[in-house]
Amino acid sequence: MSADPLQALASAGKGESTRGLLRVIILALIAGASIASRLFSVIRFESIIHEFDPWFNFRATKYLVANGFYNFWDWFDDRTWHPLGRVTGGTLYPGLMVTSGAIYHALRALTIPVDIRNICVLLAPAFSGLTAVAAYLLTNEMTPSSSAGLLAALFMGIAPGYISRSVAGSYDNEAIAIFLLVFTFYLWIKALKQGSMLWGALCALFYGYMVASWGGYAFITCLLPLHSFVLICMGRYSTRLYVAYTTWYALGTLASMQIPFVGFLPVKTSEHMPALGIFGFLQLLAFLDYVRSAIPSRQFQTFLWLFAGGTFGIGLLGLVIATSAGVIAPWSGRFYSLWDTGYAKIHIPIIASVSEHQPTAWPAFFFDLNMLIWLFPVGVYLCFQQLADEHVFIVVYALFGSYFAGVMVRLMLTLTPVVCVAAAIAVSTLLDTYLSTKSPKPEESQAVEGAEGKKAKSGLKSTSKPMVGVYSIWGKSMMVSALAVYLLLFVLHCTWVTSNAYSSPSVVLASRLPDGSQHIIDDYREAYQWLRQNTREDAKIMSWWDYGYQIGGMADRPTLVDNNTWNNTHIATVGKAMSSSEEVSYPIMRQHEVDYVLVVFGGLLGYSGDDINKFLWMVRIAEGIWPDEVSERAFFTQRGEYRVDAEATETMKNSLMYKMSYYNYNNLFPPGKAVDRMRGVHLPEVGPTLSTMEEAFTSENWIIRIYKVKDLDNLGRDHMSAAAFDRGQKKKKATKKRGPRLLRVD
Amino acid sequence: MRSFLSLFVFLFAAAVSAISTSGNRLLVILDDVADKENYSQFLGDLESRGFQISFENPKSESLALFHLGERSYDHVILFPTRSKGLGPNLTPNILVDFMNADGNVLVTLSSGVSAPSSLVSLLSELDIQLPTDRTGLVVDHFNYDTTSAADKHDVLVLPRPSPIRPDVKDYFGEGIGKDAVLAFPRGVGAALGASELLTPIIRAPRTAYSYNPKEQTEVVDDLFAAGEQLSLVSAFQARNSARFTLVGSAEMLQDKWFDAEVSQADGKKATKTFNREFAKRVSGWTFNEIGVVRVNWIEHHLDEAGATNESNPGIYRIKNDVKYTISLSEYSWTTWTPFTVPTDDALQLEFSMLSPFHRLALQADAAHGSDSAAAYSATFKLPDQHGIFNFKINHKRPLLSNVEEKNTVSVRHMAHDEWPRSFVITGAWPWIAGVGVTVAGWVGFCALWMYSAPVDGKGGVKKTQ
């Protein structure tokens, strides 16, 4: 034994049970690796919730944990969208919060008290481990080679396209939704292969969980019917398909309708119609199948044509009538923008203003998927080679997913699983081909070739080509080592991307000092903490909607608008207040009971994500509602430039946003030397004046500036003259006025 | 608001001798302290009403309205001063700050003395205009005192003041004889702007006008104001209910006019003036002794059968029935009395989110009233709109302190288990029946299917082929 350990090891891997054990260990290691690679942000910064939406999810989770499920279900949130409030319990996908709430309570029941924040922070990495396992299972359904499954699990675990939405702290719906997506697909394939109601029901169950978790469930709702439709068109209708699909659709739709936010959408909106249509179509096919077995084929032919024509006509007529009558809602704007990337820019600025709704740039594919992107077509091609029902699924998914990933950046996420599966099939096929130590003997292959040649004479030319084997060890090792290098590079790339691009909490900014050490810029939390400690608990904060969730989560203060952009008019109102002059915006702020206004200003630090850079979106959104009062053109100079320096237009200089951004900024610099480092321009010597509000707080690096809205003047003056009086300027004598004397009427 | 109120009550309890609702520290600013002899009756009346009077010269170093950011006095009377300005301790900004800090100011003018420039700029902030060159004289060739101003016609004899609007309480003319007259000797008239915080207490008669006795001796070419546009005594009440009164003639507060007899041109017999009573009322109004409304408490609760009796809940549901009650008192010289709304006025409640969804006149609620307070209430159904609403009372009337109350409540949507059950809704019965039929049919079909096993194996096989 000691004499030949290598052989012993080799023989150890041969037994079926040993292999099973190895597979489990490898899978566990992969899951561990996928969790570990997502912890950069926790190690670099701290255990903190990232970005914007996660802050809302975190807040909702805390509410759920504190108030119980029923209160959460009926939650009316009076601390957002002031003064409209938000029926939060009925307008969110509760899956994520319920999941972490369940984990929290389970851990407590096991007497492991873990802070709910830590559960929320680490939920995404934990679920990414499960996603890796789900990818393994899905791939195993495609190919008998178990190495493909393990490779798929590995790819899934570390592909940046998925990591981008699932690093520790990125507590968003996608964190659990991708696992559910892959697992639902696995169950669907399983149900389809076996024609099993049990698997179909399980598929429906996980579909229901998916619906409860993410708006992207529509992807499944469209993909499964599409797959079924393609199978039917290929003449592969079978009772297996019938059982799997009808079970999934009936139970899954019922499950999805239990979510208040979804409600009756599955029977009302166009996005859900394909699933319903295929459901009906399958019933017809099953009926026809039965009729065919019951009547002679000649009569059946006529029956079929009449029946098919009639059904199609009635169905189409019904759809048209229902749509025009408004029973079925027309396609939503977000859906149109999936087909026409220019649609949103013209019609719905609020959708276009979100960066993740932009079309994907080509380099992003390589950045997020690296070598998988060129292995992906190979895998799809290999699927064509076999083309069983499940391979059709991969092909359909690949087409569907690639299109949508090209349209919207965020849909890269739904493409990643199929890329991982297809690439894993490709790599494992390559490895299986080149790693087999046994070389075929030339005469053997000749014999095989001969037999094949005879058989396939009538076939296509390409299939009759002589079969070629790999004979040389040298060639094999070259190929295998090249592939190994690629795989290693892939790991390097993934780690690099994760560490550099996707692990910033964006709440805390990091910069490098000249000596290479890390410098943390913590203005956001400084400002939110200031709000929390220095303002009344019900002080209303107005800011652009990007910061709504963060203010709600970190400062715990009511906001006017937030990242749940359900009310475009309310957002436009804030946009109007920001882009109008003080005289116009003050009544708006009074009406909405605004106490403080928060703006983000990057001029001192050169921080690009500030409000002046987003300002045009505010103007556009406000212009969409009040085209007579707000005009985007007025913010551009004669020559069509967007400027903030002395050349800026009067509208720009008088706008509240400009004034709040640059108020008192001059005092930081020697006279006339004020410079905006973000936009790289010199500012006018005299800064703007504010009379309806006063500066309340400015953070260390001037990123966040908070202003307090003044009350109405006690003596009934307008704010301009009150401010002038406070500065010591004398009022002009009213008696010098020309024209008829103004008489007082009581 | 509540803390403000309790502070109010506390102050009231602490200074028992104080008669005003907002403290009794009164500062009188005079050029020469000896001048106070002229006003001995007026000041004596104030003292007898419980005010502690301090006298200061405007130029005095020790004069300070604020000490460590707190008001040193509750009220200020400014008598005419000969200096051009009021000195560094009485700049208009300080006076504005004093009013912003709830201090009350009574300013008197005299035509013989031109008003200090800082006073003029303060007045212009309040939207009150004085004649050019800061001086003027109001004369009336029809309503003058024939005994004292037979030639100059500058001692006006005015009838009893009447309220400017029918829905405003008559604080200054109430209970005074119909024929009683008021002497207004050598006063300055002011022109009031359109500000809604201003109220003229006494307007000049239609035949009166203002001129500059120094420059316009021969002919009045540039008329400042005439008739009712000329306000002789004006009241200003800031948004925080701080009061400011401008009395055009300081002389009318002097002892010699308090019980003087005046006679009018139409030959009627000489009548006694009621200047003393008027001075009491003007100073009483300015120093918060009359016309002060206090909100004692506000209560709102669910008004539904079987609902909990919780007071002032933070959240309601849409379409709840709600009762709102507010208790108000009005101060009248020495006691709090129930606040009554004039017959052609109404106390209104708004239930609003961005704009009012309800605007209701509150009805007197005798059950919650008392000797010193009146309760008003309204019962209504909340709108079918969820959101953050305010119960808003915004009762602002001339001469009455402002009542501006806002109680915020959330109105939530129907919870998932608050809807009527399906079997209660008659329209749902066909569907419920449909569910029942389907279930029964399926069970029946299963039973039939399992019961009717194929009799002959061969026949079955043939049929499926």
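Criteria and thresholds
- Residues numbered from 1 in each chain as written.
- Chains lettered and ligands numbered in written order.
- Predicted model: local features only at pLDDT ≥ 70, side-chain atom pairs only at ≥ 80, totals over all residues.
- Helix = DSSP H or I, 4+ residues; strand = E, 2+ residues; numbered from the N terminus.
- Rg over C-alpha atoms; globule rule 2.2 N^0.38 Å.
- Buried ≥ 20, exposed ≤ 12 C-beta atoms within 10 Å, placed from the backbone.
- Contact = placed C-beta atoms within 7 Å.
- Domains from an automatic or database assignment.
- Nonpolar A, V, L, I, M, F, W, Y, C, P; charged D, E, K, R; others polar.
- Pairing = 2+ DSSP bridges.
- Axes fitted to C-alpha atoms, helices over the stretch in contact; angles between N-to-C directions.
- Expected span 1.5 Å × (residues − 1).
- pLDDT = per-residue confidence, 0-100.
- Right-handed = clockwise from strand over helix to strand, strands pointing away.
- UniProt positions renumbered as here; feature names shortened; annotations may be inferred.
- Parallel < 35°, antiparallel > 145°, perpendicular 65-115°, else oblique.
- Left-handed = near helix turned anticlockwise from the far one by under 90°.

1. With respect to the overall build of chain B
Along the backbone of chain B there are eight helices and 27 strands. Relative to a compact globule of 465 residues, whose C-alpha radius of gyration would be 23 Å, chain B shows 35 Å and is clearly more extended. In terms of overall dimensions, chain B has a C-alpha envelope of 140 × 45 × 45 Å along the principal axes. Relative to its full complement of 465 residues, chain B shows a buried share of 39%.

2. Some details on the overall build of chain A
Assigned secondary structure in chain A consists of 32 helices and eight strands. In chain A, buried positions account for 42% of the 746 residues. For chain A, the share of sequence-separated contacts (at least 6 apart) that also reach a separation of at least 24 residues comes to 71%.

3. Digging into the domain arrangement of chain B
Residue and element names in this part refer to chain B. Assigned domains of chain B: these are domain 1 (2–288), domain 2 (292–412) and domain 3 (430–464). At the junction of the two partners, domain 1 supplies 17 residues and domain 2 supplies 14 residues. Looking at the side of domain 1 that touches domain 2 residue by residue, the classes come out as eight nonpolar, five polar and four charged.

4. Examining the interface of chain A and chain B
Counting from both sides, the interface comprises 24 residues of chain A and, opposite them, 32 residues of chain B. Taken together, the residues of the side of chain A that touches chain B sort by class into eleven nonpolar, six polar and seven charged.

5. A word on the sheet that holds strand β27 (residues 403–412) of chain B
Residues and elements named next belong to chain B. Read across the open sheet, the five strands follow the order β19-β27-β26-β22-β23; overall the sheet is mixed. On the outer flanks of this sheet lie β19 (315–317) and β23 (355–361), each paired with one strand and no other. The average angle at which neighbouring strand axes cross in this sheet is 30°, direction not considered. As defined by bridge partners, strand β26 (residues 387–395) adjoins β27 across nine bridges and the pair is classed as antiparallel. Following the sheet pairing, Phe391 is matched in β27 by Asn407.

6. Notes on helix α15 (residues 297–325) of chain A
Residues and elements named next belong to chain A. The first and last C-alpha atoms of α15 sit 41 Å apart over 29 residues, in line with the 42 Å expected at 1.5 Å per residue. Burial analysis of α15 places just zero of its 29 residues in the buried class, which makes it a mostly uncovered element. Positive phi shows up at Gly326, right after α15, with a value of about 85°.

7. Things to note about helix α11 (residues 217–233) of chain A
Along an α-helix, residues three or four apart share an orientation, since each turn contains 3.6 residues. Residues and elements named next belong to chain A. With 17 residues, α11 extends 25 Å from end C-alpha to end C-alpha; this agrees with the ideal 24 Å at 1.5 Å per step. Residues Tyr217, Phe219, Ile220, Thr221, Leu223, Leu224, Pro225, His227, Ser228 and Leu231 constitute the buried set of α11. Against α9 (173–194), α10 (197–213), α12 (239–256), α14 (273–294), α21 (389–407) and α22 (412–435) lie the buried residues of α11. Phi for Gly235, located one or two positions after α11, is positive at around 75°.

8. Overview of the confidence of the model for chain A
Averaged over chain A, the pLDDT score is 85; the fraction of residues at 70 or greater is 88%. Here helix α23 (residues 442–455) of chain A stands out as the element of chain A with the lowest mean pLDDT, 50, in contrast to α10 of chain A, whose mean of 95 is the highest.

9. Notes on the pairing of strand β1 (residues 25–29) of chain B
All names here are of chain B. Of all five residues in β1, four are buried, a share of seventy percent or more. Relative to strand β2 (residues 52–56), β1 is paired through five bridges, and the arrangement is parallel. If you follow Ile29 over to β2, its bridge partner there is Glu56. Handedness of the crossover joining β1 and β2 through helix α2 (residues 40–48): right-handed.

10. Here we look at the UniProt feature "transmembrane region" (unreviewed entry) in chain B
Within this structure's numbering, the places UniProt gives as "transmembrane region" (unreviewed entry) are residues 428–451 of chain B. Secondary structure content for residues 428–451 of chain B is 96% helix and 0% strand, and the end C-alpha separation is 35 Å.

11. Notes on the confidence of the model for chain B
Residue and element names in this part refer to chain B. For chain B, the average pLDDT comes to 86, and 94% of its residues sit at 70 or higher. Low pLDDT (under 50) marks residues 9–18, which in the prediction has nine contacts with non-local residues, meaning those over four places away or in another chain. Here the complex is predicted with pTM 0.86, and the ipTM for its interfaces comes to 0.86.

12. Examining the sheet that holds strand β8 (residues 704–709) of chain A
Within the open sheet, the four strands sit side by side as β3-β4-β8-β7 (chain A). Their pairing is mixed. Looking at strand neighbours, the two that pair on one side only are β3 (541–542) and β7 (693–698) of chain A, the edges of this open sheet.

13. Observations regarding the pairing of strand β8 (residues 137–140) of chain B
All names here are of chain B. Every second residue of β8 is oriented toward a common face, with Leu137 and Val139 on one face and Val138 and Asp140 on the other, all of them buried. Relative to strand β13 (residues 208–211), β8 runs antiparallel, the two sharing four bridges. Paired with Leu137 across the strands is Tyr211, a residue of β13.

14. Section: the packing of α9 of chain A against α22 of chain A
Residues and elements named next belong to chain A. The contact between α9 and α22 brings their axes to 11 Å, and the two run at 40°. Taken together, the axis directions place α9 and α22 in an arrangement best described as oblique. Both α9 and α22 take part in a crossing whose hand is right-handed. In this structure, α9 uses Glu174, Ile178, Leu181 and Val182 to contact α22, whose residues at the interface are Leu413, Thr414 and Pro417. Of the residues belonging to the contact of α9 with α22, the class tally is five nonpolar, one polar and one charged.

15. Here's the deal with unusual backbone geometry
Residues and elements named next belong to chain A. Residue His82 is joined to Pro83 through a cis peptide bond whose omega torsion reads -5°. Locating Pro83 in the fold gives a position in the loop between α4 (53–73) and α5 (95–109). With a phi angle near 55°, Glu593 is a residue other than glycine that sits in the positive phi range. Residue position: Glu593 is located in the loop between α28 (582–591) and β4 (596–600).

16. Regarding the environment of Met657 of chain A
Residues and elements named next belong to chain A. The topology assignment puts Met657 in helix α31 (residues 656–662). When the C-alpha positions of Met657 and Leu598 are compared, they lie 9.9 Å apart, and in sequence the two are 59 residues distant. With sequence-adjacent residues up to four places away left out, Met657 is seen in contact with Met578, Ser579, Val599, Asp611, Ile612 and Phe615.

17. Observations concerning the packing of helix α6 (residues 116–142) of chain A against α9 of chain A
Any two packed helices are characterised by the angle at which their axes cross and by the distance between the axes. All names here are of chain A. Look at α6 against α9: their axes get within 8 Å of each other, and the N-to-C directions meet at 20°. Classified by the angle their axes make, α6 and α9 are roughly parallel. Crossing angle aside, the handedness with which α6 passes α9 is left-handed. Residues Leu123, Ala124, Phe127, Leu130, Thr131, Ala134, Ala135, Leu137, Leu138 and Glu141 of α6 touch α9, and the partners they reach there are Ala175, Ile176, Ile178, Phe179, Val182, Phe183, Phe185, Tyr186, Ile189, Lys190 and Lys193. Of the residues assigned to the contact of α6 with α9, the class counts are 17 nonpolar, one polar and three charged.

18. Points about the environment of Asp35 of chain B
Within the secondary structure, Asp35 of chain B sits in the loop between β1 and α2. For Asp35 of chain B, the residues in contact, after removing those within four places along its chain, are Leu30 and Phe79 of chain B.

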